Every structure is written in structure tokens, then in C-alpha cells.
Amino acid sequence: MQIYGALLLLPAALLLATFAYLPTVATLVNSLFLPGFRGEPAEFVGLENYRLLIEDRTFWRVARNNLIYALGTIPTSIALALGMALFVNARLPGRGFVRMAYFTPTILPMIAAANIWMFFYAPQIGLFNKILGAFGMSGVNWLGDPGVALGSVIVMTVWKEAGFFMIFYLAALQSIPPELKEASDLEGSSRWSFFWRVTFPLLMPTTLFVLINALINAVRVVDHLFILTKGGPNNATNLLLYYVYENAFSFFDRTYAATITVVILLVLAVVATVKFTILDRRTHYQ
């Protein structure tokens, strides 16, 4: 019986090992070498790449950008998704159309969404500068000004992600027993009190799930940076995974890119550990 169970698990285990564990081990090994040039073999340097990473000012700026990006996108996307889910869960005319409108940005490929927003942000013909000009205000170089470029990317990301997270909240809201609302009405509780004391606590497992996904999304940003800014101007919008891409495929320093990847994986591992040891138990009220 145990052999039968192991055989059932074997295909999934092979896929997991091939596409998750082996690449992780290979990345860790590559981070301990310097690349060989002109056909020479790679040189083992131990933790030298990690020392260089600590001294790399560009890396720390990119890490700071990613932190700001995460703080800008994660809570905003979650709050907006929850608000949209509460709105479309109520009885309102054209509810199906509103749900579709909220979810539409999610089904767009990121490259297509980035191209749409690139026209919104265009300095001369962009929609936003046209609106500012209609009110007599001067235009903004949304993607070329280091002071506003990262914020512009954050706005686009929130627009793209909020509808996706809304679906999970909407499903969770529809799973809440209606008897709880009826009991609350009998007690004379206000809508605000019912939301904070009943609805929001029951949504905590969904919130935690969405939070983890939003964190992963905040770290794995590459595609729309490639279209919008390519990490510029002057690394103002450069984020960690795009920095990995630059080192691996633009600078051809794949061992340094592996070093950055290992650091990213360690940070995500710490977050996952906190999630499964502390937050998960409190979230499910165990």
C-alpha cells in the first residue's frame, strides 16, 4: 500500500524536483563561483559574491525601491480589492457588468497592460497630461522623472492586481452564512460593527492568502518594467528581479545574478516561515 501511494506521488515529486528543488540547488552552487571568460572554467570563490553584493550600492537602491514598491502596492491592492468585493457582493443593478469591469484588467497580459499605460503616461500625447493641460497645469514626465516614475509603476500595478484579488474576497464573502447577518440585524448592530466584528475576521484566511500572493507579485516584477522604464531613470524603478535579469542577460554575470536570487529566496523563505508558524495559526483561530 505504501509503494502504491509513493507511485501516485512520483509524477508530482519529479516535477517539483525538476522545476523547483534542482534549480534552487543549481542557483546556490552558481553563486559560489565567478564566471569564466574566453572559454575558461568558472572559478570557485566561496562567499566572495555575497561580499560584493553587500558592497553593491545599486543593489541596496534596488532593494529599497522594491520595499517601497511592496509597501505601495500590497496594502493598496488588498484594500481596494476588499472594497470592490463588498460593493459587487451587494444587490445593485448591473452587478455582473460591474464585476466584469473590475476583473477585466486582470485578464490582460502584462505586456499589453504596460503598453496601454505607456500611452497614458506619454509626455506629449498621454491621457494624464492631456487632462492636466485641460485644467491649465503643466504636464509631468511620468516615467522619466525619478521622483514620480516608481509611483507611476505602482499605480499601474494596483490597477492590474486589485481585480484579481477581488475574486478571492468575493468568493469568501459569498461563503459567509447569511444567518450571521440576520442575527446581527436582530441585535441592532450597525453595518460598520458587523463588518469589523464578523465579516473581516472571517475574511482573515483569504486576506492572508492574498497577502502572500501580493508579496510574491511584488518581488517577481520584470515584464512591465521591461516595457515601461527598463529600470530607469537612473535605477529609480529598478526592482530586484529585473536587476537579476540585467545581470544575467545584459551584463552576462550569471553567477552574480544567482547570488541575488539566493538572497531573494532566503527573504521569501523567512516570510513563509513566519506565515506557517505564527500567522496561519492565529488566522484560523486554532
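Keep in mind the model is a prediction, meaning the values are calculated, not measured.

Visitor: So what exactly am I meant to see when it comes to the overall build of the chain here?
Guide: Tallying secondary structure elements over the chain gives 13 helices and 2 strands in all. C-alpha atoms of the chain, sized along the principal axes, occupy 75 × 75 × 30 Å. Element-wise, carbon and sulfur atoms account for 69% of the exposed surface of the chain, whose accessible area totals about 17,400 Å². On the chain, the mean spot of the 19 positive side-chain charges and the mean spot of the 15 negative ones are 7 Å from each other.

Visitor: What should I look at first to understand the layout of surface pockets in this one?
Guide: Rolled over the atoms, a probe with the dimensions of a water molecule shows which regions are left empty. Counted as a void, the largest pocket has a volume near 800 Å³. Around the largest pocket sit 18 residues that line it, and Leu86, Asn89, Ala90, Lys181 and Phe194 are the ones nearest its centre. Elements that contribute at least two residues to the lining of the largest pocket include exactly helix 3 (57-89), helix 7 (149-174), helix 8 (178-187) and helix 9 (191-202). Counting residues per element, the lining of the largest pocket draws most heavily on helix 9, at 5 residues. Along the lines of polarity and charge, the residues of the lining of the largest pocket split into 11 nonpolar, 3 polar and 4 charged.

Visitor: Would you mind showing me how to read the pattern of salt bridges here?
Guide: Scanning all chains against the criterion turns up 2 salt bridges. Linking Glu55 and Arg51 is a salt bridge whose minimum nitrogen-to-oxygen distance equals 2.9 Å. A relative accessible area of 38% means that Arg51 is categorised as partly exposed.

Visitor: Quick question: what am I supposed to make of the UniProt feature "domain: ABC transmembrane type-1" (unreviewed entry) in the chain here?
Guide: As recorded in UniProt, the sites labelled "domain: ABC transmembrane type-1" (unreviewed entry) are residues 63-275. Annotated as residues 63-275, this span is 77% helix and 0% strand, and its ends, taken at the C-alpha atoms, are 22 Å apart.

Visitor: I'm lost on the nonpolar core in this one. Help?
Guide: Counting 31 residues, the largest nonpolar core has Tyr69, Tyr169 and Leu203 as the members making the most contacts within it. Elements with a minimum of two residues in this core: helix 3, helix 7 and helix 10 (204-219). Looking at which element gives the most residues to this core, the answer is helix 7, with 11 residues. With residues up to four places along the chain from it excluded, the contact list for Tyr69 reads Leu150, Val153, Ile154, Thr157, Ala218, Val221, His224 and Leu239. Counting residues in each nonpolar core, the second largest holds 12 residues, with Val62, Val219, Ala248 and Ala257 among its members.

Visitor: Can you walk me through the side chain of Thr237 in this structure?
Guide: Along the chain, Thr237 turns up in the loop between helix 11 (223-228) and helix 12 (240-250). Residue class for Thr237 comes out buried when judged on its relative accessible area of 0%. Excluding its chain neighbours within four sequence positions, the residues that come into contact with Thr237 are Asn65, Ala149, Leu150, Val153, Leu225, Thr229, Gly231 and Gly232.

Visitor: I would appreciate a short explanation of helix 9 in the present structure.
Guide: An α-helical turn contains 3.6 residues, so any two residues separated by three or four positions project in the same direction. Every buried residue belonging to helix 9 is among Phe194, Phe195 and Thr199, and all of these are buried. Down the axis of helix 9, the buried set is contained in an arc of 100°. They therefore lie on one face. Looking at the buried residues of helix 9, the elements they touch are helix 3, helix 7 and helix 8.

Visitor: Hey, could you run me through the environment of Val210 in this one?
Guide: Take Val210: it is sitting in helix 10. Judged by its relative accessible area of 0%, Val210 is buried. Distance in space between the C-alpha atoms of Val210 and Leu239 is 21 Å, their sequence separation being 29 residues. What Val210 contacts, discounting residues up to four positions off in sequence, is Ile78, Phe165, Phe168 and Tyr169.

Visitor: So what exactly am I meant to see when it comes to the packing of aromatic side chains here?
Guide: Two aromatic rings, taken as a pair, are described by how far apart their centres are and by the angle between their planes. Counted under the stated rule, the structure contains 21 aromatic pairs. Judged by centre distance (5.9 Å) and plane angle (45°), the ring pair of Phe195 and Phe200 falls under tilted. Ring centres of Tyr242 and Tyr245 lie 5.6 Å apart, and the angle between their planes is 40°; this geometry places the pair in the tilted category. With Tyr242 and Tyr245 both in helix 12, this residue pair falls 3 residues apart, about one helical turn. Under the relative-accessibility criterion, Tyr245 is labelled partly exposed at 27%. Through successive ring pairs, a cluster of aromatic residues spans Trp117, Phe120, Tyr121, Phe128, Trp142 and Trp159. For Lys181, the ring lying beneath its charged end belongs to Phe194, and the centroid distance is 5.6 Å.

Procedures and definitions
- Residues numbered from 1 in each chain as written.
- Predicted model: local features only at pLDDT ≥ 70, side-chain atom pairs only at ≥ 80, totals over all residues.
- Heavy atoms only, no water.
- Helix = DSSP H or I, 4+ residues; strand = E, 2+ residues; numbered from the N terminus.
- Areas by Shrake-Rupley, 256 points an atom, 1.4 Å probe, with all protein chains shown as cover.
- Lys, Arg positive; Asp, Glu negative; His and termini not counted.
- Charge placed at Lys NZ, Arg CZ, Asp CG, Glu CD.
- 1 Å grid on protein atoms, 1.4 Å probe; cavity = no way out; pocket = protein on both sides within 12 Å on 5 of 7 lines; lining within 4 Å.
- Points joined across faces, edges and corners; volume = space filled by probe spheres on them.
- Nonpolar A, V, L, I, M, F, W, Y, C, P; charged D, E, K, R; others polar.
- Salt bridge = Lys/Arg side-chain N within 4 Å of Asp/Glu carboxyl O.
- Buried < 20%, exposed > 50% of the residue type's maximum accessible area, 1.4 Å probe, protein only.
- UniProt positions renumbered as here; feature names shortened; annotations may be inferred.
- Core = buried A, V, L, I, M, F, W, Y, C linked by side-chain atoms within 4.5 Å.
- Contact = heavy atoms within 4.5 Å.
- Arc of directions from axis to C-beta.
- Phe/Tyr/Trp six-rings, centres within 6.5 Å; stacked < 30°, edge-to-face > 60°.
- Lys NZ or Arg CZ within 6 Å of the ring centre and 35° of its normal.

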